[in-house]
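Below are the chains, spelled out letter by letter.
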Amino acid sequence: MKYFLIVGEASGDLHASNLIRSLRTRDTQAVFVGMGGDKMREAGCRIVQDYREMAFMGVVAVLKNMNKVFRNFRIAREALLAEQPDVLILIDYPGFNLKMAQWCKQHMPETKVVYYIPPKVWAWKSYRVHRIARFTDLVLGIFPFEPAFYARYGYTCRYVGNPTMDSIHMAQDKPVTSFPQPFIAVLPGSRRSEISHCLPEMLEAAKEVQRTHPQYNIIVTAAPGVEDTFYYRLADNDLQLTRDTYSVMRQASVAIVNSGTATLETALFGCPLTAVYHIAASRFFGKRVVDFFKHTVFHDGYFTLVNILSGKEVIRELIAEQFTAENIAHEVTRLLDDRAYRETQENELKQLQVILGETCAADTAAKEIISVRL
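Okay, so let's go over this structure.

A few points about unusual backbone geometry
- Residues glutamine 181 and proline 182 are joined by a peptide bond in cis, for which omega reads -15°.
- Note that proline 182 resides in the loop between α8 (163-171) and β8 (183-187).
- Phi is positive for isoleucine 117, close to 65°, though the residue is something other than glycine.
- The exposure class assigned to isoleucine 117 is buried, which follows from its relative accessible area of 6%.

Details of the packing of α8 against helix α12 (residues 261-268)
- Axis separation between α8 and α12 bottoms out at 10 Å; the angle between their running directions is 45°. Taken together, the axis directions place α8 and α12 in an arrangement best described as oblique. Judged by the sense of rotation from one axis to the other, the crossing of α8 with α12 is right-handed. Between α8 and α12, the contacting residues are Thr164, Met165 and Ile168 on the first element and Thr261, Leu264, Glu265 and Leu268 on the second.

A few points about the sheet that holds strand β10 (residues 241-242)
- In spatial order, the strands read β10-β9-β8-β11-β12-β13; together these six strands make up an open sheet with parallel pairing. Two strands lie at the open edges of the sheet, namely β10 and β13 (317-319), each paired on one side alone.
- Direction of pairing for strand β11 (residues 254-258) relative to strand β12 (residues 273-277): parallel, over a ladder of four bridges. The residue bridging valine 257 from the neighbouring strand is alanine 275, located in β12.
- Helix-sheet contacts for helix α16 (residues 325-337) involve β8, β11, β12 and β13, and the interaxial angle to β12 is about 165°.

What to know about α8
- Counting buried residues along α8, seven of its nine residues qualify, which places the element largely inside the surrounding structure.
- Listing the buried residues of α8 in full gives Pro163, Thr164, Met165, Asp166, Ser167, Ile168 and Ala171.
- Where the residues of α8 are buried, they touch α1 (10-26), β5 (112-116), α11 (245-251), α12, α17 (339-356) and α18 (361-371).
- Its side-chain oxygen placed 2.8 Å from the backbone nitrogen of threonine 164, asparagine 162 serves as the N-cap of α8.

Rules of the game
- Note on numbering: residues in each chain are counted from 1, in written sequence order.
- A pLDDT threshold of at least 70 governs which residues receive local features in this predicted model, and a stricter bar of 80 or more applies before side-chain atom pairs are shown or counted, although totals over entire chains, interfaces and linings include all residues.
- Think of the side-chain values as coming from all heavy atoms in the structure, minus any hydrogens and water.
- Segments assigned H or I by DSSP are reported as helices when at least four residues long, segments assigned E as strands when at least two residues long, and all are numbered from the N terminus.
- Note on exposure labels: buried denotes an accessible area under 20% of the residue type's maximum, exposed denotes more than 50%, and partly exposed covers the range between, all computed with a 1.4 Å probe on protein chains only.
- In this analysis, axes come from line fits to C-alpha atoms, helices being fitted only over the stretch in contact, and the angle between any two N-to-C directions falls in the range 0 to 180 degrees.
- Angles below 35 degrees are treated as roughly parallel, those above 145 as roughly antiparallel, those between 65 and 115 as roughly perpendicular, and all remaining angles as oblique.
- Left-handed describes a crossing in which the near helix is turned anticlockwise from the far one by less than a right angle; the clockwise case is right-handed.
- Whether two residues are in contact is decided by their heavy atoms, any of which lying within 4.5 Å being enough.
- In short, DSSP must find at least two bridges between two strands for them to pair.
- Any pair of N or O atoms that falls within 3.5 Å is considered a polar contact. Within protein, one atom must be able to donate a hydrogen and the other to accept it, and sequence-neighbouring residues count only if both atoms are side-chain atoms.

In structure tokens form, the structure reads like this:
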């Protein structure tokens, strides 16, 4: 069979590469084409467009790059028509992939459409669940509560395990980069806009802690595709920067993490953490912004995957007007100095692996994808 995969960022490239390898073990004659990156290439996928030419997040970024956005849609359509794949596999990246799902169903009805790692409709824009169900043949969720969410609307979603767990397990067998010990980790996100909004405040907090705990170094993680000079412009030239994020998560004494998948990854490594998130205009509107997000964006009152999966506050979420260097420093200091508080969080983090289960997401997803053609 021929598979066409579309991803729009680094994490999708990683998860797609693992899926390709799992599919190949079950379908030895498989051909893979897609829009992705280096990891997909390494797994044997022919790339028609690099995801780094597609990673536009936010209204402003999309508007500034509208010509590129339209070009990417054209490239995707032309490639699909030329390749005539048996299965189109969409991985996250909803703004682009939902449009491609609809186009494929309308113009290539013989091609099966699979959404692996679907949009987080349980947290934001729940109305999209109808569109997903209408234009896909199979939805493969990565959170254990997703099947129940889809069932409420009369649709089917299959939980295949969480690919982050797969990545964590694989990382355990790899060599670890050594860093000056002990250290505080700062993970400011993967997109330029969020890095520019978050890194200065996160660094200020880490340095405030360092003033009372001088034995701690500060290590900042850099995102794929974002050059080092971008970080130095936001901080200073003696910044300790690394791209080996997993080594940082495995060794840090505590981490300050911009909300996203990185919070879950850090937690699964057992590293104590606090999460931050910048919301535009929150300094002007304060608590009203947080209340709005709690009723429209948050899932059961929580914003981070760690707390959503746990169903309670395991890590402190500092968002909107609560996202200040003072608040971050206070929480980091507490995690470093209050042994009972730290151990309570560490014990809760261990439960996440139980909640997510040991199923290999890529293997289970591959089995489901192959069955959709039978």
